Structure formats: C-alpha cells, structure tokens
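# Remarks on the overall topology
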Amino acid sequence: MPPYAQRGVTVVGGTRVHDPDTLLTLLAEGGSGYHFFEKTVERVTLRVSQGQ
C-alpha cells in the first residue's frame, strides 16, 4: 500500500505541463497562472480508491 494511502489520502492533485518551453518563457516574463493555465498547463486530479 502506498504511503499516502496509509495516511488516509483519497485525492491527489497536480499539474501536467504540455509545453515546457512556453511555460518557462511565461514564467520568466512574470506571467501568472491565468496565462499559463490557458496555454501550457492543465490541472490534474486523481481519486485514490479505498482498499489500495
């Protein structure tokens, strides 16, 4: 059983980068989440099943 499941975690979230070069350019230019979530990054949420 993974350590996060042992602690009762049922949801894990993060981001998936689709275009790293553009993301780095936006960050270097001081872009905010509004800029890169529209173009280069997507939010990802995973639900962990009970009993794993």
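Above this text is the structure in question.
Definitions and limits used
Residues numbered from 1 in each chain as written. Predicted model: local features only at pLDDT ≥ 70, side-chain atom pairs only at ≥ 80, totals over all residues. Heavy atoms only, no water. Helix = DSSP H or I, 4+ residues; strand = E, 2+ residues; numbered from the N terminus. Rg over C-alpha atoms; globule rule 2.2 N^0.38 Å. Buried < 20%, exposed > 50% of the residue type's maximum accessible area, 1.4 Å probe, protein only. Contact = heavy atoms within 4.5 Å. Salt bridge = Lys/Arg side-chain N within 4 Å of Asp/Glu carboxyl O. Patch = residues over 30% accessible without salt bridge, like charges linked within 9 Å, V, L, I, M, F, W, Y side chains within 5 Å. Areas by Shrake-Rupley, 256 points an atom, 1.4 Å probe, with all protein chains shown as cover.

## Quick word on the overall build of the chain
A tally of helices and strands in the chain yields three helices and two strands. The C-alpha radius of gyration of the chain comes to 15 Å, more than 25% above the 10 Å expected for a compact globule of 52 residues. In terms of overall dimensions, the chain has C-alpha extents of about 45 × 15 × 15 Å along its principal axes. A total of 52 residues make up the chain; the buried ones form 13% of that total. The long-range share in the chain, meaning contacts at least 24 apart out of those at least 6 apart in sequence, stands at 67%.

## Focus: the pattern of salt bridges
Applying the stated criterion across every chain yields a total of one salt bridge. One salt bridge connects R16 with E42, and the closest N-O pair in it is separated by 3.7 Å. Residue R16 is located in strand β1 (residues 11-17), and its partner E42 is located in strand β2 (residues 41-47); the two are separated by 26 residues in the primary sequence. Given the relative accessible area of 32%, E42 is considered partly exposed.

## A closer look at a nonpolar patch on the surface
Taken together, Y4, V9, V12 and L46 make up a surface patch of nonpolar side chains, about 320 Å² in accessible area. Within the secondary structure, L46 is located in strand β2.

## Observations regarding the environment of P20
By secondary structure assignment, the location of P20 is in helix α2 (residues 20-28). Residue classification places P20 among the partly exposed residues on the basis of a relative accessible area of 46%. Separated by 20 residues in sequence, P20 and T40 have C-alpha atoms that sit 7.2 Å apart.

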